[in-house]
Amino acid sequence: DSELRFLSQWWIPAVRAFLDVSEGKVNTRQIAESITPPITEAQVEEALELLKELGLVKRLSSGRLKLTDSHLTVSGPEKAKAVRAFQKQALHLASEALENFPVDQRDISTLTVAVDSTCYEDLREMLQEFRRLVQKRVEESSSPDRVMQMSLAFYPVAPAKGKEK
């Protein structure tokens, strides 16, 4: 249930990532005011409690919170449903970013392409490799100063011939 709750709101992972920016300093008002669109201090507190419960952060003797290497383990249809809901929220935020952030603070682009089945599979593999490269690069970031959301979407607008819509 806790792992599913983690995926239930876009701002819970954002609070976790913000702890990296704040070097683990917990100031619920600052976190709430820094997240866009705004969230409440109560939501920050809820997220922090959930993150501790899941072992995704741990409290240091200094009082700061440190991100752990723990990962979510939930699986099955509940996870798939929760992931889809989270992805819908993330894509909605990406759409809103077109209006809410100037071009120099975001990078959103689209391509509409015609492909065959081999190209389709190659592009899917390229997207998977790109995600791995992004994760590796993020791990190497020594002094994060912002939290970014990345959404990669690759979907049909005209299905393959002979396939049902």
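1. Let's talk about the overall build of the protein chain
When helices and strands are counted, the protein chain shows six helices and two strands. Expressed as lengths along the three principal axes of its C-alpha atoms, the size of the protein chain is roughly 60 × 40 × 30 Å. At a minimum sequence separation of 6, the contacts of the protein chain that also span at least 24 residues come to 58%. Accessible surface, the protein chain as shown: approximately 12500 Å² in total, 50% of it carbon and sulfur.

2. Comments concerning a negative patch on the surface
Together, Asp116, Glu121, Asp122 and Glu125 make up a region of like negative charge exposed at the surface. Its place among the elements puts aspartate 122 in helix 6 (residues 117-140).

3. Observations concerning helix 6
The end-to-end C-alpha distance of helix 6 is 35 Å, a good match for the 34 Å that 24 residues give at a rise of 1.5 Å each. The N-terminus of helix 6 is capped by aspartate 116, whose side-chain oxygen sits 3.2 Å from the backbone nitrogen of threonine 118.

4. Section: the packing of aromatic side chains
Per the counting criterion, the structure on display carries one aromatic pair. Arranged with centres 5.8 Å apart and planes meeting at 20 degrees, the rings of tyrosine 120 and phenylalanine 154 form a pair that is stacked. Taken as a pair, tyrosine 120 in helix 6 and phenylalanine 154 in the segment after helix 6 lie far apart in primary sequence, 34 residues in all. Since its relative accessible area comes to 34%, tyrosine 120 is described here as partly exposed.

5. Some details on helix 2 (residues 11-21)
Taken together, the buried positions of helix 2 are occupied by Trp11, Ile12, Ala14, Val15, Arg16, Phe18 and Leu19. Structurally, helix 2 contributes buried residues whose contacts are with helix 1 (2-6), helix 3 (28-34), helix 4 (41-54), strand 1 (57-59) and strand 2 (65-67).

6. Brief notes about the confidence of the model for the protein chain
Predicted confidence across the protein chain gives a mean pLDDT of 92, with 97% of residues reaching 70 or more. Put simply, helix 1 is where the protein chain has its lowest mean pLDDT, 90, and helix 4 is where it has its highest, 96.

7. A few points about the pattern of salt bridges
Summed over all chains, the structure comprises five salt bridges. In this structure, arginine 29 and glutamate 33 form a salt bridge, with 3.8 Å as the shortest nitrogen-oxygen distance. Placement of the pair is arginine 29 and glutamate 33 together in helix 3, with a separation of four residues, close to one helical turn. Comparing arginine 29 with glutamate 33, the two get one shared label, exposed.

8. So, a nonpolar patch on the surface
Together, Leu111, Val113, Val115, Tyr120 and Phe154 give the surface a local cluster of nonpolar side chains, amounting to about 470 Å² of exposed area. By the secondary structure assignment, valine 113 is in the loop between helix 5 (77-100) and helix 6.

9. Points about the environment of leucine 60
You can see leucine 60 is positioned in the loop between strand 1 and strand 2. Separated by 63 residues in the primary sequence, leucine 60 and leucine 123 have C-alpha atoms spaced 43 Å apart.

10. Considering the packing of helix 2 against helix 4
It is at 9 Å that the axes of helix 2 and helix 4 come closest, and there the two elements cross at 80 degrees. Viewed along their axes, helix 2 and helix 4 adopt a mutual orientation that is roughly perpendicular. In this structure, helix 2 contributes Trp11, Ile12, Val15, Arg16 and Leu19 to the contact, and helix 4 contributes Gln43, Glu46, Ala47, Leu48, Leu50 and Leu51. Split into classes, the residues belonging to the contact of helix 2 with helix 4 amount to eight nonpolar, one polar and two charged.

The rules behind these values
Residues numbered from 1 in each chain as written. Predicted model: local features only at pLDDT ≥ 70, side-chain atom pairs only at ≥ 80, totals over all residues. Heavy atoms only, no water. Helix = DSSP H or I, 4+ residues; strand = E, 2+ residues; numbered from the N terminus. Contact = heavy atoms within 4.5 Å. Areas by Shrake-Rupley, 256 points an atom, 1.4 Å probe, with all protein chains shown as cover. Patch = residues over 30% accessible without salt bridge, like charges linked within 9 Å, V, L, I, M, F, W, Y side chains within 5 Å. Salt bridge = Lys/Arg side-chain N within 4 Å of Asp/Glu carboxyl O. Lys, Arg positive; Asp, Glu negative; His and termini not counted. Charge placed at Lys NZ, Arg CZ, Asp CG, Glu CD. Expected span 1.5 Å × (residues − 1). Polar contact = N/O pair within 3.5 Å; in protein donor to acceptor, adjacent residues only side chain to side chain. Phe/Tyr/Trp six-rings, centres within 6.5 Å; stacked < 30°, edge-to-face > 60°. Buried < 20%, exposed > 50% of the residue type's maximum accessible area, 1.4 Å probe, protein only. pLDDT = per-residue confidence, 0-100. Axes fitted to C-alpha atoms, helices over the stretch in contact; angles between N-to-C directions. Parallel < 35°, antiparallel > 145°, perpendicular 65-115°, else oblique. Nonpolar A, V, L, I, M, F, W, Y, C, P; charged D, E, K, R; others polar.

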